[in-house]
Amino acid sequence: MKPLAITGGDCAGIGPEITARAVAAFPDEQFAIYTNRALFARACAVAGVPLPEGPNVAWVDLPLGCPVDAVVPGKNQAATGELAYACVTAAGRDALAGRVHGLVTAPFSKAALHLAGHTDVPGHTELLARLCGRQEATMAFFAPGLAVALATIHCALRDVPGLLTAPRLRRVFRDFADALARMLGRRPRIGVLALNPHAGEDGAFGDEEARVLAPAIAEAQAWADFEGPLVPDTAMTEAGGAARFDGFVAMYHDQGLIPFKRAAFEEGVNTTLGLPFVRTSPDHGTAFALAWQGRASARSMVAAIRKARELTR
């Protein structure tokens, strides 16, 4: 059986301890852990977390550009940024080649990647999309009873309106509809949040709803039952009728993720849609303030592994 690839994330953060705990929760799964094993082991030892061992665990041991003892927990460093970049790149290539059956990534720090010289990498989603020859991929988040896809990802808020093009919306709507249909086994119902307050108030607060979103939603009926543009501050509430939808498309990062993480922070899973392989991750970052202390929750990492298994099987 092919292993499931796990990247250890930024080893100066909570990546090693949540990875170790999560791997231990799946003794029936074959894993390939991409990291620097010595640094990973040091982080786990300091945190008091057993190092993953056994016949179901293989290590892809990558070099670290400094002595292991030089790494400072809870701090952005070029060496750990470069290691995190190398791990994702190596695991992504193995997933693309079919050597692993999916990919789960522990969080890395974009600031550390930038210190390592990778200033053109906004995040995992964009890095993996480029690795697969795609300009972009779709970021979506799943938790029990809740699913959210993002029309735009890591960009300045001022840039969002110009990024909401027909091709982008078509790609996000199609990727999200296909994923939900596979998970549910039926045609999904998807709500599309408006960009502007009050869904534009008939043009009083902007015309993107009528000019851009409505035509894209009409076209997307070929793939799922889309509805919108919906008033964004009530659409995901019980009073707003959220129960009739299987998922929502948000126009920008915080519009979708503030309500998602408020509802399901420790059970949420970040999933990259549109790649030729499955990729999931926890829905949080490196949590440098908790690094190497043995206090970080692995629940989202466990959920990410569970979702990867579900999607690949």
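Placed above this text is the structure.
Quick look at the structure, then. These numbers were taken from a predicted model, which means no experiment stands behind them.

A look at the nonpolar core
Membership of the largest hydrophobic core comes to 32 residues, with the highest contact counts inside it found for Tyr34, Leu39, Leu83 and Phe277. Mapped by element, the contributors of at least two residues to this core are β2 (31-35), α2 (37-47), α3 (78-96) and α5 (124-131). Look past the residues within four positions of Tyr34 in its chain and what remains in contact with it is Ala5, Ile6, Thr7, Gly8, Val60, Cys87, Ala90, Ala91, Asp94 and Val100.

Digging into the state of the cysteines
Taken as a whole and judged by the stated rule, the model has 0 disulfides. Between Cys66, a cysteine without a disulfide, and Cys11, which holds the nearest cysteine sulfur, the sulfur-to-sulfur distance is 11 Å. Not part of a disulfide, Cys132 finds its nearest cysteine sulfur in Cys87, a span of 17 Å.

Some thoughts on the side chain of Asn196
Tracing the backbone through its elements, the reader meets Asn196 in the loop between β7 (189-193) and α8 (208-220). At 2.9 Å, the side chain of Asn196 forms a polar contact with the side chain of Glu208. What Asn196 contacts, discounting residues up to four positions off in sequence, is Phe205, Gly206, Asp207, Glu208, Glu209 and Pro232.

Let's talk about the packing of α3 against α5
Contact geometry of α3 with α5 gives a least axis separation of 10 Å together with a crossing angle of 45°. Comparing the axis directions of α3 and α5 gives the class oblique. Considering how the two elements wind past one another, α3 and α5 form a crossing that is right-handed. Contacts from Tyr85, Val88, Thr89, Gly92, Arg93 and Leu96 of α3 reach α5 at His124, Leu127, Leu128 and Leu131. Its residues assigned to classes, the contact of α3 with α5 shows 6 nonpolar, 3 polar and 1 charged.

A closer look at the packing of helix α1 (residues 15-24) against α2
When two helices pack together, you describe them by how their axes are tilted relative to each other and by the distance separating the axes. Direction vectors running N to C along α1 and α2 enclose 85°, while the axes themselves pass 8 Å from each other. As the angle between them shows, α1 and α2 are arranged roughly perpendicular. Contacts between α1 and α2 involve Pro16, Glu17, Thr19 and Ala20 from the first element and Phe40, Ala43, Cys44 and Ala47 from the second. Each residue belonging to the contact of α1 with α2 can be placed in one class, and the counts come to 6 nonpolar, 1 polar and 1 charged.

Describing the sheet that holds β7
Pairing in this open sheet of 11 strands is mixed, and the strands run β3-β2-β1-β4-β11-β10-β5-β6-β9-β7-β8 from one edge to the other. Edge strands, defined here as strands with exactly one partner in the open sheet, are β3 (57-61) and β8 (225-230). When strand polarity is set aside, the average angle formed by the axes of neighbouring strands in this sheet is 25°. Relative to strand β9 (residues 247-250), β7 runs parallel, the two sharing 3 bridges. Bridge pairing in β9 places Val192 opposite Val249. Lying on the sheet, α5 is in contact with β4 (103-105), β5 (138-143), β10 (269-273) and β11 (279-282); it crosses β11 at an angle near 165°. The strands touched by helix α10 (residues 299-312) are β1 (4-7), β2, β4, β5, β10 and β11; relative to β11, the strand with the most contacts, the crossing angle is about 165°.

Each value, and the rule that gives it
Residues numbered from 1 in each chain as written. Predicted model: local features only at pLDDT ≥ 70, side-chain atom pairs only at ≥ 80, totals over all residues. Heavy atoms only, no water. Core = buried A, V, L, I, M, F, W, Y, C linked by side-chain atoms within 4.5 Å. Buried < 20%, exposed > 50% of the residue type's maximum accessible area, 1.4 Å probe, protein only. Helix = DSSP H or I, 4+ residues; strand = E, 2+ residues; numbered from the N terminus. Contact = heavy atoms within 4.5 Å. Disulfide = S-S within 2.5 Å. Polar contact = N/O pair within 3.5 Å; in protein donor to acceptor, adjacent residues only side chain to side chain. Axes fitted to C-alpha atoms, helices over the stretch in contact; angles between N-to-C directions. Parallel < 35°, antiparallel > 145°, perpendicular 65-115°, else oblique. Left-handed = near helix turned anticlockwise from the far one by under 90°. Nonpolar A, V, L, I, M, F, W, Y, C, P; charged D, E, K, R; others polar. Pairing = 2+ DSSP bridges.

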